[in-house]
Each structure stands twice: as C-alpha cells, then as structure tokens.
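Coordinate inspection notes
Okay, here's what each chain looks like letter by letter:
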Amino acid sequence: MASPEIDAHPGTLKMAREKTQELAIQPTPTNEGEGLNEKHDLSIKAGELTLEEDTAGGMGRHLGVFSTTFLIVGRIIGSGIFSTPSSITSSTGSVGAAIFMWLLGFAISLAGLFVWLEWGCMLPRSGGEKVYLEASYRKPRHLTTIVFAVQSVMLGFSATGCITFASNMVFAAGRSVGSHTSKGIAAAAMIGVSLMHGLTPKIGVKVMNVIGVCKIVILLFIIVTGWVILGGGIKSIPDPHSSFRNAFKGSATTGNPYATALFKVLSSFAGWSNAAYILNEVKNPVRTLKIAGPLAVTTCGLLYILCNVSYYAAATPAEVSKSGVTVASFFMKKVFGDTASRVLAVFVAFSALGNVMTVTFAHARVNQEIAKEGVLPFGTFWASTWPFGAPTGGIFLHFIPSIIMITAIPTGDAYNFIIDVEGYPRAIVFFAVCVGLFLLRWKKPYIERPFRVWLPVAGFFLVGQSFLLVAPFLRPKGGKGDTSQPYWSYPLVGIGVMLFGAFYYALIVHILPGIGNYSLRHEKAVLADGTYVTKFVKDKEE
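These lines cover the structure that appears in this document, whether it is placed above or below. All figures in this text were calculated on a predicted structure; none of them were measured in a lab. (Residues numbered from 1 in each chain as written. Predicted model: local features only at pLDDT ≥ 70, side-chain atom pairs only at ≥ 80, totals over all residues. Heavy atoms only, no water.)

1. Here's the deal with the overall build of the protein chain
A tally of regular secondary structure across the protein chain gives 22 helices and 3 strands. For a compact globule of 542 residues, the expected C-alpha radius of gyration is about 24 Å, and the protein chain comes in at 24 Å, within 12% of that figure. Taken over 542 residues, the protein chain has a buried fraction of 57%. Considering only intrachain contacts with a sequence separation of at least 6, the fraction spanning at least 24 residues in the protein chain is 81%. Of the roughly 22,400 Å² of accessible surface on the protein chain, a fraction of 66% belongs to carbon and sulfur atoms. If the 44 positive side-chain charges of the protein chain are averaged to one point and the 31 negative ones to another, these points end up 10 Å apart. (Helix = DSSP H or I, 4+ residues; strand = E, 2+ residues; numbered from the N terminus. Rg over C-alpha atoms; globule rule 2.2 N^0.38 Å. Buried < 20%, exposed > 50% of the residue type's maximum accessible area, 1.4 Å probe, protein only. Contact = heavy atoms within 4.5 Å. Areas by Shrake-Rupley, 256 points an atom, 1.4 Å probe, with all protein chains shown as cover. Lys, Arg positive; Asp, Glu negative; His and termini not counted. Charge placed at Lys NZ, Arg CZ, Asp CG, Glu CD.)

Okay, here's the thing in structure tokens:
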C-alpha cells in the first residue's frame, strides 16, 4: 500500500501529526529473479523508519568532533582502569599475563571500532548495534529488534559506575559505613545524573567534556608518577622492578580465568562504540566518526597500558590483587601516603560518575530508538523528547534497571558479577554484528561504504568474540570463578536473557495474535515533539 510522505520540516510538523503509514507485518513476496538482483541493490534498510524520519525531533545535530571524542573517552575511562586491575591480576595470576590481556583487549577494541566505523558510516543514525542487527538479519521480521531490545533494557544499567563512585567516596571520607549508606550514595548519583541529562541536556554535555579532560589528566599523573618510581625516585619503594622479573610466573593454566579477565578488560574499553549510539545528534556524522573514534580509543588504550605499568611498579601482584575496587587509591597511598590516597579517591569517584553520565547519555538514545520501533509497551512515552529535547523517556527507562541493580544486588563481590553478566550478552551481540558485516559484504557488495574495514581485522574481532563465548564454560582451576557464584552462572544468565527476548518476540508477534484471533500492522506517527514512531495496531480477524 502506498504511503503518504510526511514532511519533516518544522513548519509542517503540526499538519503531519495525524498522518500514518500502514505496513503489513507479512513478509513481502519474492520472485525468482529477486535474488539475482540483490547484489546490485544499493539500498540498505534498518528498522521501520527512514533516515529522515529517524533523525527528526530531539535536539538536532549539536555534537562536534571534540564533544564526540570526549563522549567516547568519558565512557571508556570510568571505573575500569581504577578498579578492575586487581581482579584481572587475581584471575590471570601474573603481571605478564595481566598486561597481555590489556594489550589483547586494546587490539580487540580497535578491531571492533573499525567494524563499527564501517557500519556507522553506512548507516549514520543513532542506535548502534540495534541498527546493524536490523540491517543484517531482516527475517524473521522484528526478531532481532525485540531480542536486542530485551537485552538492552534489562542489562543496560549504570550500576557499576555508581557502585564505584560510592565506594571511593566512602574511602575518601575515611569512614566505615553500612551497605544501606553505600547504596544510598550510589542511588543518589544515578538520580542526579538522570535529572541533569533530562532537564539540562546541553549543560550535561559540557560537564561530560570537562570531566573527560580531568580523567586524562589523572591518568597522566599516575603514569608520570610510575616513571618516577621506575627511575628510583621514590625511596619508599626500593625495588620498583620486582614485579617485572619473571613476569609470567604463576600465570593461570586454564581458559576460564582469561575469559573472565578479558571480559573485565573489554568492559573497561566498552565505550569505543559509544558514538554509534548518538549519531542523530552528531554534526557531519561520517567525518566526525572517522576522526573521533580512532583518536579516542588509541589515546585511552595507550594510557591504560602505561597506567598498569605504574601500578605494578609501586606494588607487587599480590598487593594489587588484594587492593579491591580502590586499586588506584592504594597506589597513591603506597607512594604518597593516606592523604593523597583519599584525594585521588575523590577524583576516581568523579571519574566513575562521569562514566555514568556518558553511559546514561548514550543508552537513553538507544532506548529511544528501540521505543520508536513500537516493540515496547508504552512506546510513545519511552520515545518522547519532552520537554527540553532530551530523550527523557529513554533516560527513565535506563534509570529503572540501574536503580534496581544498585539496591537489590548484595554488596561484596557483586561488582565483579555485574561486570561478568553484562559482558556475555554483549559478546553475543557483537559476534552477530560482525557476522552481519560479512553477510552484507557478500549480499550487497556494491552499496556505498564511506569506510571499509580490512576483513582480516574484522575476522580478528570475530575470533575474539568467539573466545569470549566459549571460554567461560571451561572449568577453572579448583572449579571456582572470581565471585561466590558458580563459574558458569554469568554466561547462563546472559544466554537466558537472550532466550527470554526470543520468547517475548514469539509471544507478541505469533502466540498472542493466534490466541486473540487478530493480525498486526504498523502505523507511523509523529509525536508533538516532532519524533517519528511506529506502533503495532491490532486488526481483528473475521
């Protein structure tokens, strides 16, 4: 059925609000010659909205190269480099193996960035993996959108950054507090960030940029301090090279600890894909993405490696392993004393808070893109940008699971388990996106690609994700992982989330329509704020 075009110009939005476009749920019939012409088809489709419809509404294109770069930097440099080296060292068993995992994670993240650059330059719209999965796997219709939506909403929380913010603030205060107080601090941080992004979105971008610059300064200070230690300038550390002798002594001999460590490293690099989630708001998105992505990831990777060297120069592997989620503060305590340790803890806390800001900013846009597809209950509410142009519905949808995780998960090793659970479904999604790139290269080799990743690089990224999918099920030494839960629990939880998404798809697209004797169709509509959405509409069958 031919659809009326809806003019996205602001002057005509009022007239267009009531117009809708009906789309049949049933797949379009094909003919024998269609497959022969597919390779010469220069179009690429993702979701139900066109690019023009998807980018309408909201704040418009207001992010340049600087803000986009620091949106990535601010997401990558969060709690990870200040917190996870302890558990990574504990998992791998040696300095050499730990640093190798950081190098491997850096390489995999760069490879993933180049895969995402090809996708992002082909489809310069917000949503990231949601868009790329939809473009890769068009049938069954809505399956990838719904499975990704369930995974993204359930596991798209900012709990880890808030927990790290709370623990470092408590450490800086030099007090011992109960779990309820720590959770209260973490919850207050999440509430404040959500209100800032919802009510003052442009101020939020400026605050993220400032904190991003401060993060780089903090890491540079730790790195320079490490150089001074290695040069023998700190008398309280008489043998700064001891950690690097026999660097691989004590390394783990099974695959599970390395997979767990690699999950944590990749979690620390997780922001390399951050710009892909907000491309609707980026000026000249293709050019900006090509500059901001490599610049941000390379900068963070080099800082991470050098920062780890500084940690091991100041402390033995055993000391780093036992330092917990305040490893950076432990570093400062050993070098400069208690006061410096507490001062750095404040900076680390605000670095983690900056990470929460960038995650919330980006994930709210992903939630909005999901809501635009009509696959969530109350989709128009979650897709809304009322009242100040920010995706307030998407922010609230991110806020809900974050608060649940902060308040419901017991303190202790909850931090490590949360990172593990987040990592496994992400590996499944990344694996599927990379496979999708190969499929699209084969099915549609002639479509315009402003950036083309070298296929061996994409293959390396695919191998890395494959390892992450298999290794967690390999029994570790002693049969115990890095948390109190069974070592196989976090991948099973991740798989369970994905399977629940598939069940939800079957329920709303097939089971309920069959029971209720109705069929589904789409209607496109424009909200009062100019945002385009699609809705599932039930047609009762005679």
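That shown, we press on.
2. Some remarks on the pattern of salt bridges
For the coordinates displayed, the defined rule picks out 15 salt bridges. Here E134 makes a salt bridge to K130, at a shortest N to O gap of 3.0 Å. With E134 and K130 both in helix α8 (residues 129-136) and 4 residues apart, the pair spans about one turn of that helix. Overall, K130 belongs to the buried group, its relative accessible area being 3%. Here R521 ties to E523 by a salt bridge, and the two come within 3.1 Å at their closest N and O atoms. (Salt bridge = Lys/Arg side-chain N within 4 Å of Asp/Glu carboxyl O.)

3. Considerations on the packing of aromatic side chains
Scanning the model with the defined rule gives 22 aromatic pairs in all. Measuring from centroid to centroid gives 5.3 Å for W119 and Y132, while their planes differ by 15°, and the two rings are stacked. Note that W119 is positioned in helix α7 (residues 95-122) and Y132 in helix α8, a separation of 13 residues in sequence. Per residue, the accessibility class of W119 equals that of Y132, and both read buried. An angle of 35° between the planes, with centres 6.5 Å apart, marks the rings of F500 and F503 as tilted. Taken together, the residues span about one helical turn, with F500 and F503 both in helix α22 (residues 489-516) at a distance of 3 residues. By relative accessible area, which is 42% here, F500 ends up partly exposed. Under the relative-accessibility criterion, F503 is labelled partly exposed at 47%. Through a chain of ring-to-ring contacts, the aromatic side chains of W116, W119, Y132, W272, F430 and F461 assemble into a single cluster. (Phe/Tyr/Trp six-rings, centres within 6.5 Å; stacked < 30°, edge-to-face > 60°.)

4. Some details on the packing of helix α10 (residues 159-173) against helix α17 (residues 338-372)
Relative to each other, α10 and α17 sit at 160°, their axes nearing to 8 Å. Classed by the angle they form, the pair α10 and α17 counts as roughly antiparallel. Helix-helix and strand crossings are classified by hand; for α10 and α17 the assignment is left-handed. Note on element contacts: α17 touches α10 through S341, R342, A345, V346, V348, A349, F350, A352, L353 and V356, opposite G161, C162, T164, F165, N168, M169, F171 and A172. When its residues are assigned to classes, the contact of α10 with α17 shows 13 nonpolar, 4 polar and 1 charged. (Axes fitted to C-alpha atoms, helices over the stretch in contact; angles between N-to-C directions. Parallel < 35°, antiparallel > 145°, perpendicular 65-115°, else oblique. Left-handed = near helix turned anticlockwise from the far one by under 90°. Nonpolar A, V, L, I, M, F, W, Y, C, P; charged D, E, K, R; others polar.)

5. Overview of the nonpolar core
If you look at the biggest cluster of nonpolar residues, it comprises 146 residues, and the most contacted ones within it are I77, F82, V115, W116, W119 and F461. No other element matches the 17 residues that α7 contributes to this core. The contact partners of F461, leaving out residues within four places of it in the chain, are I108, A111, G112, V115, W116, W272, F430 and C434. (Core = buried A, V, L, I, M, F, W, Y, C linked by side-chain atoms within 4.5 Å.)

6. What about the pairing of strand β2 (residues 518-526)?
Counting buried residues in β2 gives 8 out of 9 residues, a clear majority hidden from the surface. Pairing of β2 with strand β3 (residues 532-540) involves 9 bridges; the strand directions are antiparallel. Each residue of the ladder has a partner; that of E523, found in β3, is K535. In this structure, the hairpin formed by β2 and β3 is closed by a connection of 5 residues, where G530 is found at a positive phi of approximately 90°. (Pairing = 2+ DSSP bridges.)

7. Details of the packing of helix α12 (residues 201-230) against helix α16 (residues 327-336)
Interhelical geometry of α12 versus α16 gives an angle of 40° and a closest axis separation of 12 Å. Classified by the angle their axes make, α12 and α16 are oblique. In this structure, α12 meets α16 at a crossing whose hand is left-handed. The segment α12 lies against α16, with F221, I222, T225, G226 and I229 engaging F331, M332, V335 and F336. Tallied by class, the residues present in the contact of α12 with α16 amount to 7 nonpolar, 2 polar and no charged.

8. Some points on the side chain of R521
Within the secondary structure layout, R521 lies in strand β2. Judged by relative accessible area, R521 falls into the buried class, the value being 17%. Within polar-contact distance, the side chain of R521 engages the side chain of D539 at 2.7 Å. (Polar contact = N/O pair within 3.5 Å; in protein donor to acceptor, adjacent residues only side chain to side chain.)

9. Details of a nonpolar patch on the surface
There is a patch of nonpolar side chains on the surface, built from M154, F500, F503, I511, L512 and I515 and spanning about 580 Å² of accessible area. It is α22 that contributes the most residues to the nonpolar patch, 5 residues altogether. M154 sits in the partly exposed class, given a relative accessible area of 40%. (Patch = residues over 30% accessible without salt bridge, like charges linked within 9 Å, V, L, I, M, F, W, Y side chains within 5 Å.)

10. Some thoughts on α16
Inspection of α16 places V327, A328, S329, F331, M332 and V335 among the buried residues, and these make up the whole buried set. Positioned one or two residues after α16, G337 has a phi angle of 110°, which is positive.

11. Points about the environment of I400
For I400, the position within the fold is in helix α19 (residues 392-408). On the accessibility criterion, I400 (32% relative accessible area) is partly exposed. Distance in space between the C-alpha atoms of I400 and I305 is 35 Å, their sequence separation being 95 residues.

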